[in-house]
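# Coordinate analysis (summary)
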Amino acid sequence: MLGGRLFGPRPGVITVVDPPVSASYARKARVAFFAVSSVVGVSTAAVSAVFLHPVLAVALGVVAGLVCGVPAALVTLAWPVLRVLWWWSFEAVIVAFVVLGPALLADLTHPLLALGFVLALAGVCALARPVRCWLVAWSWCLVVRHRLRVCFADVIRSSATRNRSAVLPLILWARPTPAGERVWVWLRPGLDQSDLEGKTGKVAVSCWAGEARIVRASPRFAALVRVDLTRRDPLAGTIASPLAVFIGHIRNEAATPVSPAVPPVGLDLADVPEVPAEQPRGGRR
Amino acid sequence: MSPVLVATTPDDTAVPLGPTLSIFDPVYIGIDEFGHPVTVPLIYRNLLIGGEPGSGKSALLNAVVAHAALSLDCRLCLLDAKRVELGQWRRCADAFVGPSLPDALALLSRLQIMMDRRYDYLEECERRKVVPDDRYITPYLIALDEFAYYSATVGKKAQREEFSELLRDLVARGRAAGIIVVAATQRPSSDIIPTSLRDLFAWRFAGRCTTDSSSDIVLGHGKAQQGWTANTISPTNPGAGLLIAEGGTPQLVKVAYLDDATCAAIARYAATLRNTVASKPQPRVAA
Ligand SMILES: Nc1ncnc2c1ncn2[C@@H]1O[C@H](COP(=O)(O)OP(=O)(O)OP(=O)(O)O)[C@@H](O)[C@H]1O
Ligand SMILES: [Mg+2]
């Protein structure tokens, strides 16, 4: 998303449309460079001046400042790319395992043995229902984290005229629930829960879910919100009340009375005389 | 889980009667959308139940009444314009009112007098509310099904207004005297239940509603805007609804269902228990 315009506007080039992201990272990189190099440089110089000649100490300070400032600036500049790598790190690890594992196994043992092992594992994953459900549930969690990020980016972009400084929230942790997924999100300055209110429909759409709920997750931190995504309905069945179990032993003691003392007469419309006696207006609205 | 009631016969032998509950315990409602049990403490609270016809309001009312009937430290007053929804609990209740507005008014007036006397008593004792194992004050659960029948359908306008006013007084002041009001109606709009009364109900349950605005009427203004609307509940899923209780945010719950036979069995059991306790003045409760 951000990798394309990584290195900001070149000096002398006037951009008509301000590329906010890359420009801000270039600016941040400059600030990081000056801040880190000056702090490290001055403190190194100050400390080494105690032991060395002042000129040497200053030279050492400049070198130390450069050595620390340049990497800091580079990391800040490359932060959008590092962030994307971080976002996909889990998937990358899984892919590495899936690709490298069998290869390593084939290298260590016989290729046919490795093939058999891989097929058996795949078979278990696909055929054993608990394993399959578990895998599907956790895969949805991975998918949802990315979809939520897309969604939040959209929210920030659409409210960009109001606050252009909003930062993408941190997607902390996702776990499956019987209904779908539950994701904890740490909002960063520029966004709050009211920005997300009324966007639950959009969140549900972008996460390919049926419904989304965004609630505050912590009374202490307004920044911590919980997104509940619903894709299945665990409430479809009938729930038995524990009270039925509670007094279970008396359940069969006597049959429920089927015919009360009232004789079953007059239960059809034909049994009711045409002009009824004056009665209060009954029934529902 | 619960204390077992033990009765003492005249020749001083203890007879265990069976398990009982307490109205001071949270009431089991059902499960939430993540499969966890949902319990709601009802003491010092009032619950308003709304939802379209067939959304499971009476089923929830029955679940609450069942708990209260099994709680020997709670007395029941039932008002049910349909008579059959709460009719099974008739023998456990101190008072049962069918589709009769004058009877309902008489009952509510008596309750109001009782409430005032309770406050006199509490004032004398320099106390502020009922507590568990109170010697003289037992909590009352007032269960009201088909609210609209009494407040907007039958009788003269003055009577209906009197009904709403009496109920508002009970809801407003009854909390500390141990009066719990649980009312169910299809659409608690202002023509059915005055807004000043509706807003006193701390806890809400909205079964499926036909529109977002109907859902907002039950749950409170602006909930649909925040994504909480009982309109999204499937019409084929009675008993599912949004519950506002502790925590304040709505949660999707499915009410546990008591079928007719189970209800009748629990009611019979509770009635026996209550009769036994009434005839034997000194029941012991063993942990
Ligand atoms: N929790 C539940 N689980 C399963 N089925 C339920 C549940 N609650 C209600 N039902 C089914 O829905 C039917 C209607 O429920 P109920 O009588 O409680 O609706 P209601 O909202 O009180 O309707 P009305 O407005 O007509 O009084 C019940 O007969 C029962 O079959
Ligand atoms: Mg009903």
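Values in this document were obtained by computation on a predicted structure and should not be read as measured data.

## Some thoughts on the site of ligand 1
Taken together, 18 residues lie near ligand 1, and B:G54, B:K57, B:S58, B:Q186 and B:V255 sit nearest. The site occupied by ligand 1 is bordered by residues of chains A and B. Between B:G56 and ligand 1, the recorded distance is 3.1 Å, taken from a backbone N or O atom to an oxygen atom. Within the contact set of ligand 1, an oxygen atom lies 2.6 Å away from a side-chain nitrogen or oxygen of B:S58. When ligand 1 is considered free in solution it has 630 Å² of accessible area, and contact with the protein chains removes 77% of it. Those elements that provide at least two residues to the shell around ligand 1 are α1 (57-70) and β12 (251-255) of chain B. The residue makeup of the shell around ligand 1, split by class, is 5 nonpolar, 7 polar and 6 charged.

## Some details on the interface of chain B and chain A
Opposite the 47 residues of chain B that make contact, chain A presents 37 residues. Both sides together, the interface formed by chain B and chain A hides about 3,400 Å², and carbon and sulfur atoms give 63% of it. When the buried surface of chain B facing chain A is broken down by residue, B:E33, B:F34 and B:R268 rank first, second and third, together holding 18% of it. Between the two partners, chain B and chain A, sit 1 salt bridge. Among the ionic pairs, A:R213 bridges to B:E33, the shortest N-O distance being 3.2 Å. Scanning the region where chain B abuts chain A turns up 6 residue pairs in polar contact (both at pLDDT 80 or more). Of all the secondary-structure elements, those providing two or more residues to the side of chain B that touches chain A are β3 (26-32), α1, α3 (147-153), β12 and α7 (260-279) of chain B. Of all the elements, α7(B) adds the most residues to the side of chain B that touches chain A, at 7 residues.

## Quick word on the sheet that holds strand β4 (residues 224-230) of chain A
Residues and elements named next belong to chain A. Pairing within the open sheet is antiparallel, and its 4 strands lie in the order β1-β2-β4-β3. Of all strands in the sheet, those bounded by a partner on one side alone are β1 (170-176) and β3 (211-216). Put simply, the sheet's adjacent strands are angled 20° from each other on average, direction ignored. In this sheet, strand β2 (residues 180-186) lies alongside β1 in antiparallel orientation, the contact comprising 6 bridges. Opposite R175, over in β2, you have R182 as the bridge partner. Against the sheet, helix α6 (residues 129-158) makes contact with β1, β2 and β4, and its axis sits at roughly 150° relative to β1, the strand it touches most.

## Things to note about the packing of helix α4 (residues 89-108) of chain A against helix α5 (residues 111-127) of chain A
All names here are of chain A. In the contact formed by α4 and α5, the axes pass within 7 Å of each other and the chain directions differ by 145°. Relative to α5, α4 is oriented so that their crossing is right-handed. Together, P102, L105 and A106 of α4 and P111, A114, F117 and V118 of α5 make up the contact between the two elements. Taken together, the residues that form the contact of α4 with α5 break down as 7 nonpolar, no polar and no charged.

## What about the packing of aromatic side chains?
Applying the stated criterion across every chain yields a total of 9 aromatic pairs over all chains. With a centroid separation of 5.7 Å and 65° between ring planes, the pair formed by B:F147 and B:F163 is classed as edge-to-face. Residue B:F147 is found in helix α3, and its partner B:F163 is found in helix α4 (residues 157-173); the two are separated by 16 residues along the sequence. Considered together, B:F147 and B:F163 belong to a single accessibility category, that of buried residues. Here the aromatic residues B:F147, B:Y149, B:Y150 and B:F163 are joined through ring pairs into a cluster of three or more. Between A:K28 and the ring centre of A:Y25, over which it is positioned, the NZ or CZ distance is 4.6 Å. Cation over ring: B:K129 sits above B:Y44, and NZ or CZ is 4.5 Å from the ring centre.

## Re empty space enclosed by the protein
Within the structure shown, the criterion is met by 1 cavity of 30 Å³ or more. Along its surface, the largest cavity is lined by A:Q193, A:L196, A:E197, A:T200, A:I214 and B:Q226. Classifying every residue of the lining of the largest cavity gives 2 nonpolar, 3 polar and 1 charged.

## Quick word on the UniProt feature "domain: FtsK" (unreviewed entry) in chain B
Feature annotation in UniProt assigns "domain: FtsK" (unreviewed entry) to the following positions: residues 24-216 of chain B. Taken end to end, residues 24-216 of chain B has its terminal C-alpha atoms 30 Å apart, with 37% of it in helix and 22% in strand.

## Observations regarding a nonpolar patch on the surface
On the surface, A:F90, A:V93, A:I94, A:V95, A:F97, A:V98, A:V99 and A:L100 cluster together into a nonpolar patch covering about 800 Å² of accessible area. Its location among the elements puts A:F97 in helix α4.

## Some words on the nonpolar core
All names here are of chain B. Membership of the largest hydrophobic core comes to 51 residues, with the highest contact counts inside it found for L76, L78, W89, L141 and V182. Top element by residues in this core is α1. It accounts for 8 residues. Leave out the neighbours within four places in its chain, and L141 touches V64, V65, A68, C74, R75, L76, C77, I180 and V182. Residues C77, V97, Y140 and L167 belong to the second largest nonpolar core, which totals 35 residues.

## So, a positive patch on the surface
A contiguous patch of positive charge on the surface is contributed by B:R45, B:R128, B:K129 and B:R175. When you line up the elements, B:R45 lands in the loop between β4 (37-41) and β5 (47-50).

## Some remarks on the UniProt feature "binding site: ATP" (unreviewed entry) in chain B
Residue and element names in this part refer to chain B. In this numbering, the UniProt entry assigns the feature "binding site: ATP" (unreviewed entry) to G51, E52, P53, G54, S55, G56, K57 and S58. Inspection of the secondary structure puts G56 in the loop between β5 and α1. According to the relative accessible area criterion, G56 is buried, its value standing at 15%. Mapping K57 onto the fold places it in helix α1. There is a polar contact of 3.2 Å between the side chain of K57 and the backbone oxygen of E52.

## Thoughts on the environment of B:G227
Secondary-structure assignment places B:G227 in the loop between α6 (212-219) and β11 (240-244). Linking B:G227 and B:Y269, residues 42 residues apart in sequence, is a C-alpha distance of 42 Å.

Quick notes on the rules
Residues numbered from 1 in each chain as written. Chains lettered and ligands numbered in written order. Predicted model: local features only at pLDDT ≥ 70, side-chain atom pairs only at ≥ 80, totals over all residues. Heavy atoms only, no water. Near = heavy atom within 4 Å. Polar contact = N/O pair within 3.5 Å; in protein donor to acceptor, adjacent residues only side chain to side chain. Areas by Shrake-Rupley, 256 points an atom, 1.4 Å probe, with all protein chains shown as cover. Helix = DSSP H or I, 4+ residues; strand = E, 2+ residues; numbered from the N terminus. Nonpolar A, V, L, I, M, F, W, Y, C, P; charged D, E, K, R; others polar. Contact = heavy atoms within 4.5 Å. Buried area = accessible area lost by both parts, 1.4 Å probe. Salt bridge = Lys/Arg side-chain N within 4 Å of Asp/Glu carboxyl O. Pairing = 2+ DSSP bridges. Axes fitted to C-alpha atoms, helices over the stretch in contact; angles between N-to-C directions. Left-handed = near helix turned anticlockwise from the far one by under 90°. Phe/Tyr/Trp six-rings, centres within 6.5 Å; stacked < 30°, edge-to-face > 60°. Buried < 20%, exposed > 50% of the residue type's maximum accessible area, 1.4 Å probe, protein only. Lys NZ or Arg CZ within 6 Å of the ring centre and 35° of its normal. 1 Å grid on protein atoms, 1.4 Å probe; cavity = no way out; pocket = protein on both sides within 12 Å on 5 of 7 lines; lining within 4 Å. Points joined across faces, edges and corners; volume = space filled by probe spheres on them. UniProt positions renumbered as here; feature names shortened; annotations may be inferred. Patch = residues over 30% accessible without salt bridge, like charges linked within 9 Å, V, L, I, M, F, W, Y side chains within 5 Å. Core = buried A, V, L, I, M, F, W, Y, C linked by side-chain atoms within 4.5 Å. Lys, Arg positive; Asp, Glu negative; His and termini not counted. Charge placed at Lys NZ, Arg CZ, Asp CG, Glu CD.

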